[in-house]
Amino acid sequence: NYHYSVQHVIDQYVHDQASKDFSKELETGEFNYTEKPNFPRLIHPLQNMPVKTRSQLLTDNNFTYEYDIVCCAQSLILYYAYKLGTGEFMPTIDHYINNRKQIRQQMANDLEVNVMTIKKIINAMFCGAYISTNVKYSSIYKLLDFDDAKIVYMKENAWVQSLKQEIKQCWDYIKPHHKEYIRKTKTGKLRHQLYAKDKWNIYFNLERQCLNHIQTYLTEHNVKSFLIHDGWHTNKSINITDLENYVYNNTGYLVTIEGAN
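In what follows, the accompanying structure is described. Model, not experiment: these values are computed from the prediction. (Residues numbered from 1 in each chain as written. Predicted model: local features only at pLDDT ≥ 70, side-chain atom pairs only at ≥ 80, totals over all residues. Heavy atoms only, no water.)

**A short note on the packing of aromatic side chains**
Here the distance between the centres and the angle between the planes together describe a pair of aromatic rings. Worth spelling out the cut-off: The pairing test for Phe, Tyr and Trp rings, Trp by its six-membered ring, is centres within 6.5 Å, and the orientation test on the planes gives stacked under 30 degrees, edge-to-face over 60, and tilted for anything in between. A helix here means a DSSP run of H or I that spans at least four residues, while a strand means a run of E at least two residues long, and both kinds are numbered starting from the N terminus. Any residue under 20% of the maximum accessible area for its type is buried, any over 50% is exposed, and the rest in between are partly exposed; the area is computed with a 1.4 Å probe on protein chains only.
With the rule as written, the count across this model stands at 14 aromatic pairs. Between Y80 and Y253, the aromatic rings sit 6.5 Å apart at their centres with planes inclined by 85 degrees, giving edge-to-face as the arrangement. Pair noted here: Y80 is in helix 4 (residues 72–84) and Y253 is in the loop between helix 12 (240–251) and strand 8 (257–260), with a separation of 173 residues, a long-range link. On the basis of relative accessibility, which here comes to 12%, the residue Y80 falls in the buried class. Ring geometry for W200 against F204: centres 5.7 Å apart, planes inclined by 35 degrees, an arrangement best described as tilted. Of this pair, W200 and F204 both sit in helix 11 (residues 196–220), separated by four residues, roughly a single helical turn. The buried category is assigned to F204, whose relative accessible area is 10%. Taken together through their ring pairs, the aromatic side chains of F31, Y33, F63 and F226 make up a single cluster.

Right, dumping it as structure tokens:
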């Protein structure tokens with residue numbers, strides 16, 4: 001299998017190169033993250049490595065445990081809205097968070113796409129993507145290979161519509177608390193509108209807030225970690241329930257953490 005062997009050689013090269021380049025950081029567990037102005041995520045070159053190769057590299061350096069926040073975007077946007085809004089229950093979002101695997105699989109079957117595509121579509125919906133056949137504006141249309149019938153299916157699907165309605169409600173509660181997105185229109189009028197990039201930015205800030213507390217918790221428990229936005233690798237097993245409570249007590253966001261212990 002020629003292709004496999006070439007891929008294997010490339011993966012091995014990437015792995016060995018990163019081992020050299022980041023040997024000190026991998027050894028000490030003190031990673032040098034960088035930040036861009038106006039972008040809340042912590043950035044590190046290892047985050048761009050192919051997942052399998054990166055996991056292998058981290059495992060080889062004793063970062064054997066892997067954790068992530070389940071449905072991070074959905075959970076944080078929902079709980080942020082609960083905190084700022086009327087506390088009105090959002091059953092569709094809640095149901096999705098708790099049954100995400102079945103729902104994604106069902107939609108993937110219905111739309112004849114893979115589960116990863118569905119995950120991306122739902123994440124995009126949470127941050128303002130349109131379900132439309134407008135090539136210019138709809139990232140969802142692109143994800144569905146510009147198939148009009150699939151957009152029609154999404155527009156007519158009762159569950160998708162219910163989800164869309166609740167997402168809108170979340171942002172209706174959140175928006176008044178973000179006056180930084182009041183902008184002047186060309187005619188000089190002031191408009192308070194959240195664009196998709198604003199929604200992503202608000203979400204990334206929530207994600208970062210959680211991650212800061214997770215990082216503090218891990219440091220306090222003498223756990224070395226490598227952070228990847230809504231997930232992290234550690235050199236020791238952690239008490240998930242304890243960490244979930246810690247995040248909740250510090251932020252008010254109820255997150256579910258999944259991990260390979």
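**Observations concerning the pairing of strand 7 (residues 231–234)**
Short version of the rule: Here, any two strands with at least 2 DSSP bridges between them count as paired.
Covered by surrounding structure in strand 7 are G231 and H233 together with W232 and T234, the residues of both alternating faces. In this structure, strand 3 (residues 65–69) lies alongside strand 7, joined through four bridges in antiparallel fashion. Following the sheet pairing, E66 is matched in strand 7 by H233. Sheet analysis places strand 6 (residues 225–228) next to strand 7, joined by four bridges and oriented antiparallel. Bridge pairing in strand 7 links S225 to T234. Between strand 6 and strand 7, which pair antiparallel and follow one another directly, the connecting turn spans two residues, one of which, H229, has a positive phi of 60 degrees.

**Some points on the packing of helix 5 (residues 91–98) against helix 10 (residues 158–174)**
Applicable threshold: Axes here refer to lines fitted to C-alpha atoms; in helices the fit is confined to the stretch in contact. Angles between the N-to-C directions go from 0 to 180 degrees. Roughly parallel means an angle under 35 degrees; roughly antiparallel, over 145; roughly perpendicular, 65 to 115; everything else is oblique. Contacts: residue pairs with any heavy atoms within 4.5 Å of one another. Note on residue classes: Ala, Val, Leu, Ile, Met, Phe, Trp, Tyr, Cys and Pro are nonpolar, Asp, Glu, Lys and Arg are charged, and everything else, Gly too, is polar.
Axis separation between helix 5 and helix 10 bottoms out at 8 Å; the angle between their running directions is 110 degrees. The angle between the axes of helix 5 and helix 10 places the two elements in the roughly perpendicular class. Residues P91, T92, I93, H95 and Y96 of helix 5 touch helix 10, and the partners they reach there are W159, S162, L163, E166, I167 and C170. Partitioning the contact of helix 5 with helix 10 into residue classes produces seven nonpolar, three polar and one charged.

**Some details on helix 11**
Quick note on the threshold: Expected span of a helix, by definition, is 1.5 Å for each gap between consecutive residues, and there is one gap fewer than residues.
Taking 1.5 Å per residue, 25 residues should reach 36 Å; helix 11 reaches 36 Å between its end C-alpha atoms and fits that length. Positive phi appears at N222, one or two residues downstream of helix 11, with a value of about 55 degrees.

**Overview of the nonpolar core**
Among soluble globular proteins, nonpolar side chains are generally buried collectively. Our working rule: We define a nonpolar core as any set of buried Ala, Val, Leu, Ile, Met, Phe, Trp, Tyr and Cys residues linked to one another through side-chain atoms lying within 4.5 Å.
Judged by nonpolar contacts, the single largest core of 78 residues is most densely connected at L46, M125, I140, M154 and W232. Contacts of M154, omitting those with residues within four sequence positions, involve M107, L111, I121, M125, I131, I140, L144, V160 and Q161.

**Concerning helix 7 (residues 115–126)**
In this model helix 7 runs 17 Å from its N-terminal to its C-terminal C-alpha over twelve residues, within 8% of the 16 Å that 1.5 Å per residue would give. Restricting attention to buried positions, one finds in helix 7 the residues T117, I118, I121, I122, A124, M125 and F126. Following helix 7 by one or two positions, G128 has its phi on the positive side, about 95 degrees.

**A closer look at unusual backbone geometry**
The phi dihedral of N62 falls on the positive side, at around 75 degrees, and the residue is not glycine. Given the relative accessible area of 55%, N62 is considered exposed. In this structure, E112 is a non-glycine residue whose phi angle is positive, near 55 degrees. As for its placement among the helices and strands, E112 is situated in the loop between helix 6 (100–111) and helix 7.

**As for the environment of A81**
Position of A81 relative to the elements: it lies in helix 4. Owing to a relative accessible area of 1%, A81 belongs among the buried residues under this scheme. When the C-alpha positions of A81 and Q105 are compared, they lie 27 Å apart, and in sequence the two are 24 residues distant.

**A look at the side chain of E244**
Note the threshold: Under this rule, positive means Lys or Arg and negative means Asp or Glu; His and the chain ends count for nothing. Just to be clear on terms, a salt bridge is a Lys or Arg side-chain nitrogen sitting within 4 Å of an Asp or Glu carboxyl oxygen.
Here E244 lies in helix 12. For the buried E244, no salt bridge is present, and the opposite-charge side chain at shortest range is R100, 9.9 Å distant. For E244, the residues in contact, after removing those within four places along its chain, are V255, T256 and I257.

**Brief notes about the environment of Y203**
Note that Y203 resides in helix 11. Note on Y203: relative accessible area 4%, which makes it buried. Sequence spacing of Y203 and C72 is 131 residues, and the spatial spacing of their C-alpha atoms is 9.2 Å. Residues within four places of Y203 in sequence aside, it is in contact with C72, A73, L76, I77, C127 and D230.

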